Amino acid sequence: MPELPEVETERRRLAERIEGHRIAAARIDDARLTRPEDPKVAAAVLEGGHVDAVERRGKYIVVRLADGHVLLVHLRMTGGFRYTPVTHERAVLELDDGTRIAYRDTRRFGTWQLLEEDEAARLLGVKNGPEPLGRAFTAAFLAGRLAGRRAPVKAAILDQRTVAGLGNIYAVEALWHSKIDPRRPAGDLDAGEVAALREGIRHALRLGIRRQGADLGDGTYAGGRMQDEFRAYGRGGEPCSRCGTPIAKAQVAGRGTWFCPTCQTVG
Ligand SMILES: [Zn+2]
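Criteria and thresholds
Starting from 1, residues in each chain are numbered consecutively following that chain's sequence as written. With the structure being a predicted model, the display of local features is reserved for residues of pLDDT at least 70 and the display and counting of side-chain atom pairs for 80 or more, all residues being used for whole-chain, interface and lining totals. Calculated side-chain values reflect all of the structure's heavy atoms, with hydrogen atoms and water omitted. Labels follow the DSSP assignment, with helices taken as runs of H or I lasting at least four residues and strands as runs of E lasting at least two, numbered in each case from the N terminus. Computation of the radius of gyration draws on C-alpha atoms alone. For the globule rule, the value is 2.2 Å times the number of residues to the power 0.38. When accessible area is computed with a 1.4 Å probe and restricted to protein chains, residues below 20% of their type maximum are described as buried, those above 50% as exposed, and intermediate ones as partly exposed. Using a 1.4 Å probe, the Shrake-Rupley method yields the accessible areas, and only the shown protein chains count as cover for residues. In this charge count, Lys and Arg are treated as positive and Asp and Glu as negative; neither His nor the chain ends contribute. Charge positions are represented by NZ for Lys, CZ for Arg, CG for Asp and CD for Glu. In the cavity and pocket records, a cavity denotes points on a 1 Å grid over the protein atoms alone where a 1.4 Å probe fits but cannot get out, a pocket denotes an open set with protein on both sides within 12 Å along at least 5 of 7 lines, and lining residues are residues with an atom within 4 Å of a point. Grid points are joined across faces, edges and corners, and a volume is the space filled by probe spheres set on the points. Ten residues, namely Ala, Val, Leu, Ile, Met, Phe, Trp, Tyr, Cys and Pro, are considered nonpolar, four, namely Asp, Glu, Lys and Arg, are considered charged, and the remaining ones, Gly among them, are considered polar. Pairing of aromatic side chains here covers Phe, Tyr and the six-membered ring of Trp, requires ring centres within 6.5 Å, and sorts the geometry by plane angle: under 30 degrees stacked, over 60 edge-to-face, intermediate tilted. When the NZ atom of lysine or the CZ atom of arginine is within 6 Å of a ring's centre and also within 35 degrees of its normal, the charge is said to sit over that ring. A donor here means an N, O or S atom no more than 2.8 Å from the metal, or no more than 3.2 Å when the metal is Na, K or Ca. Since water is not included, a site may seem to lack partners. Here, residues are in contact when the closest pair of their heavy atoms is within 4.5 Å. Under the rule applied, a polar contact is a pair of N or O atoms within 3.5 Å (in protein, one hydrogen donor and one hydrogen acceptor; residues adjacent in sequence only if both atoms are side-chain atoms). Paired strands, as defined in this entry, are two strands with at least two bridges between them according to DSSP.

### Focus on the overall build of the chain
Counting its secondary structure elements, the chain contains 8 helices and 10 strands. Expected size for 267 residues packed as a compact globule is a radius of gyration near 18 Å; at 20 Å, the chain falls within 12% of this value. Each of the three principal axes of the chain carries a C-alpha extent, and together these read 55 × 35 × 30 Å. Of all 267 residues assigned to the chain, the portion counted as buried reaches 52%. For the chain, the exposed surface amounts to about 11600 Å²; the carbon and sulfur share of it is 49%. Taking the average location of the 42 positive side-chain charges in the chain and that of its 36 negative ones, the two points are 6 Å from each other.

Put into C-alpha cells, the structure is as follows:
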C-alpha cells in the first residue's frame, strides 16, 4: 500500500511529464474510479485542461488545472501512473505533446475526485494533519496529538490527522529509528521521546523518498529500493542492526508490527 514516499515518487514522475501541458484527450474506463461522479463528466472536465501544478498532500496527489479544477488522486492499494501501455488501465490521458499517461490499478480501490479549488482545500485540510516533512509538524504538535491517549503509539501515528501520509511500513520503521516500543500507550511518551519520534518519522520518510519508495515485489511501485533498507518491517527473526537481538513481530491495532524487543524501549 503506497505511503508518503511512494506517493511522492509517483507525483514527481507525473509532474515531470504533465506540468505545463494541456490534456488533449481524457478517457476514464472505470466508473468506480470517479464515483459518484459520472466518469464521462469527469473526463470532459479534464479534457482541454491545462495543468499548472502537481502537488502532494498526505497520500493524495493534487493535480491543479488552470481553470480552477483540482483532481485529487488517491492511489489506495495499487494505483499508479504508467507511461507505457500496461494491463489494468483504468484511465488514459493524452497530452498536447503526444505523451500518453495511463492510470493503472489492479485492485481498483484508487479514486479520482474532480473538485473546485476551495472544496479540494477543505477536504485535504479535514483529512490531513500538517505535512510531516514541513515546518508545522513540530514536537509540540505531535505531543498534543498523543497526549492523554491510551491507544498504542503505533496506532496513534497511523491517524492521517496526526501524521499525514504515514502508513504501516514507515510507522514500523519510524518507531525503530526512534527506539520506541510500538505497543506503548501514546500518552505515556515523555517530551524527549516525542521529539525522538518526530525525528524518526521524518528520517524514515526522507529515506523512503530518496530510495523512491518501496517495491514489495508485485511491481506496482517498481524501481523503489527502500525495501533493501528496512530495519524492522518484515524482518522477523533477523538480528536488529543496532543491537543484534532478533526482531520480533506482534499485532498492534490489527496490523503486522515488527520491532526490536531490546532497544525499542517500553518506558
Ligand atoms: Zn535492537
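So much for the structure itself; the text now carries on.
### A word on the layout of surface pockets
In this structure, the largest pocket spans a volume of roughly 520 Å³. In terms of lining residues, the largest pocket is bounded by 27 residues, among which Met1, Pro2, Glu3, Lys59 and Arg76 are the most central. Residue composition of the lining of the largest pocket, by class: 11 nonpolar, 7 polar and 9 charged. Roughly 150 Å³ of internal volume is contained in the second largest pocket. Taken together, Leu33, Thr34, Arg35, Pro36, Glu37, Ala42, Leu71, Thr111, Trp112, Gln113, Leu114 and Leu115 form the lining of the second largest pocket. Elements supplying a minimum of two residues to the lining of the second largest pocket: α2 (31–34) and β8 (111–116). When its residues are assigned to classes, the lining of the second largest pocket shows 7 nonpolar, 3 polar and 2 charged.

### As for the packing of aromatic side chains
Two numbers describe a pair of aromatic rings. These are the distance of the centres and the angle of the planes. Tallied over the full model, the rule gives 6 aromatic pairs. Pairing Phe81 with Tyr103 gives two aromatic rings, centres 5.5 Å apart and planes at 65°, and the pair type is edge-to-face. Of this pair, Phe81 sits in strand β5 (residues 79–82) while Tyr103 sits in strand β7 (residues 100–105), and the two are 22 residues apart along the sequence. With respect to class, Phe81 is no different from Tyr103; both count as buried. The rings of Phe81, Tyr103 and Trp112 are connected pair by pair, giving a single aromatic cluster. The side chain of Arg17 reaches across the aromatic face of Tyr83, ending 3.7 Å from its centre.

### Brief notes about the environment of Leu65
One can find Leu65 in strand β3 (residues 60–65). The exposure class of Leu65 is buried, given its relative accessible area of 3%.

### Comments concerning the coordination of the zinc ion
Those donors, Cys240 (SG), Cys243 (SG), Cys260 (SG) and Cys263 (SG), are the protein atoms that reach the zinc ion, and they lie 2.3 to 2.4 Å from it. All donor residues of the zinc ion come from one chain, and their arrangement in sequence is C-x2-C-x16-C-x2-C. A relative accessible area of 14% places Cys263 in the buried class.

### Brief notes about the environment of Glu89
Locating Glu89 in the fold gives a position in strand β6 (residues 89–95). Spatially, the C-alpha atoms of Glu89 and Arg104 are 4.4 Å apart, while their sequence positions differ by 15 residues. The residues touching Glu89, leaving out its near neighbours within four places in the chain, are Arg27, Asp29, Arg100, Ala102, Tyr103 and Arg104. Only 3.1 Å separates the side chain of Glu89 from the backbone nitrogen of Val86, close enough to count as a polar contact. Looking at Glu89, its side chain comes within polar contact range of the side chain of Arg100, at 3.1 Å.

### Considerations on the pairing of strand β10 (residues 255–259)
Counting buried positions along β10 gives 4 out of 5 residues, so the element sits mostly inside the fold. Bridge count for strand β9 (residues 248–252) against β10 is 5 bridges, and the pairing is antiparallel. Within β10, the residue paired with Lys249 across the bridge is Trp258. Counting the residues between successive antiparallel strands, the hairpin from β9 to β10 contains 2 residues, one of them, Ala253, with a positive phi of roughly 50°.

### Remarks on the pairing of strand β2 (residues 51–57)
Bridge count for β2 against β3 is 6 bridges, and the pairing is antiparallel. Bridge pairing in β3 links Val54 to Val63. Where β2 folds back on β3, the antiparallel hairpin that results is connected by 2 residues, among which Gly58 adopts a positive phi of roughly 55°.

Bear in mind that shape data such as this cannot, by itself, settle questions of function.
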